[in-house]
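Chain by chain, the residues run as shown.
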Amino acid sequence: MAAGGAAGRRGIGSGVHDAHRHLGVLPAHPFYGGPPVNPDTSAVADVDALLRSLDEEGVERALVIPNYGVPDVSASFALNELVLEAAARDDRVRAGLWVSPRPQDAALTAQALALAGESGVVALKTSFLLGGRATDDACRPQLDAVFEAARQHGLVVHVHTSPGAASDVDEVGELVERYGDDVAIHLVHLGGGMSGHIKLIGSRFFDWIAAGKRVYTDTSWAIGFAPRWLAAEVQRRGTGHDRVLYASDEPWGDAAGELARLRAAAGDGELARLWLTENAAALYG
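Residues numbered from 1 in each chain as written. Predicted model: local features only at pLDDT ≥ 70, side-chain atom pairs only at ≥ 80, totals over all residues. Heavy atoms only, no water.

Observations regarding the pairing of strand S5 (residues 156-160)
Residues in a regular strand project their side chains so that they alternate between the two faces of the sheet. Quick reminder of the rule: Here the term buried applies to any residue with accessible area under 20% of the maximum for its type, exposed to any over 50%, and partly exposed to those in between, with areas from a 1.4 Å probe on protein chains only. Numbered from the N terminus, helices here are DSSP runs of H or I no shorter than four residues, and strands are runs of E no shorter than two. When DSSP finds at least two bridges between two strands, those strands are taken to pair. Crossovers are described as right-handed under a simple rule: with the strands pointing away from the observer, the path leading from the first strand over the helix to the second runs clockwise.
Of all the five residues making up S5, five are buried; the element is thus mostly covered by neighbouring parts of the structure. Judged by which residues are buried, S5 turns out to be covered on both faces: Val156, His158 and His160 on one side and Val157 and Val159 on the other are all buried. Here strand S4 (residues 121-126) runs beside S5; their pairing, made up of four bridges, is parallel. Looking at S5, one finds that Ala123 is bridged to Val156. Crossover connection from S4 via helix H5 (residues 140-153) to parallel S5: handedness right-handed. Examined bridge by bridge, S5 and strand S6 (residues 185-188) share four bridges and lie parallel to one another. Each residue of the ladder has a partner; that of Val159, found in S6, is Leu187. At this point the chain moves from S5, through helix H6 (residues 169-179), to the parallel S6, and the crossover so formed is right-handed.

So, the packing of aromatic side chains
Put simply, the rule reads: Each Phe, Tyr or Trp ring (for Trp, its six-membered ring) is paired with any other whose centre lies within 6.5 Å, and the angle between the two planes then decides the class: stacked below 30 degrees, edge-to-face above 60, tilted in between. The criterion for a charge sitting over a ring is simple: Lys NZ or Arg CZ within 6 Å of the ring centre, and within 35 degrees of the ring normal.
The full count for this structure, using the stated rule, is six aromatic pairs. Aromatic pair Tyr68 and Trp98: ring centres 4.6 Å apart, planes at 25°, arrangement stacked. Highlighted residues: Tyr68 in the loop between strand S2 (61-66) and helix H2 (74-78) and Trp98 in strand S3 (residues 93-98), separated in sequence by 30 residues. When the ring of Phe205 is compared with that of Phe206, the centres are 5.6 Å apart and the planes differ by 75°; the resulting orientation is edge-to-face. A relative accessible area of 1% places Phe205 in the buried class. Positioned above the aromatic ring of Tyr216 is the side chain of Arg243, whose terminal nitrogen or guanidinium carbon lies 5.3 Å from the ring centre.

Section: the side chain of Thr219
Its place among the elements puts Thr219 in the loop between strand S7 (215-218) and helix H8 (225-237). Looking at Thr219, the relative accessible area reads 2%, which means it is buried.

Some points on the pairing of S7
Of the two faces of S7, the one carrying Val215 and Thr217 and the one carrying Tyr216 and Asp218 are both buried. With three bridges connecting them, S6 and S7 associate as parallel partners. Bridged to Ile185 within S7 is Val215. Note that the unit made of S6, helix H7 (residues 194-210) and S7 has a crossover that is right-handed. Pairing of S7 with strand S8 (residues 244-245) involves two bridges; the strand directions are parallel. Residue pairing in the sheet places Thr217 in a bridge with Val244 of S8. For the segment spanning S7, H8 and S8, crossover handedness is right-handed.

Here it is in structure tokens:
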């Protein structure tokens, strides 16, 4: 094993597999009409800093994705090379490439998809936070290309979820319906808030599983009740135990808090082992 061997991995994670974290520092941006700020205070700029974070947290394996969130998406596309470097440097790291559904980003997305077969790549990450919609015909060519690349290379497609607008489960659920039969789709953040949690846990997540959709989720950003309810529904229904993963979403999440919340919900038995380690190992290798 490369940098950060077993002796260094004794942090909060104690060998967990982190199914979603970010690499790279973004330019300051005047979010919501305020002054330019960098709210992601724990963002790491390079591979060395990333590996130190994995050591400190005790992470056994991590899926690493370019940082994103500012309107200039070229900054995130530029970080695809950095996550590839991270995957090449340390066998704890797997890479997720940033892609965009927006028609104005089609050329950049095509360049990113050309890297989909590179060693260490296991996922493609997209979001509608910066524009586009799953139901927008103008986005369809880019989405078709993303999911076709995932199909050809056996990759997972990560999709950001949050309540309302284009990231709502009502919208991104269209991707599960359209592509989820033969491409694994990771719905990041369990819906991202109250309405999303209720929509997914109350029925849709389990309905999709029953329909044969290859759908997964994680509990990053989840409101306190949601992981507990999700665990209870998995136990009650007898399904979904193999579809939930731990994700820190660092630097936008909080590794210690995300881990504590999921551990409290899953307990200390088989469900915890699956959600904290085995499901990610099975999905991402």
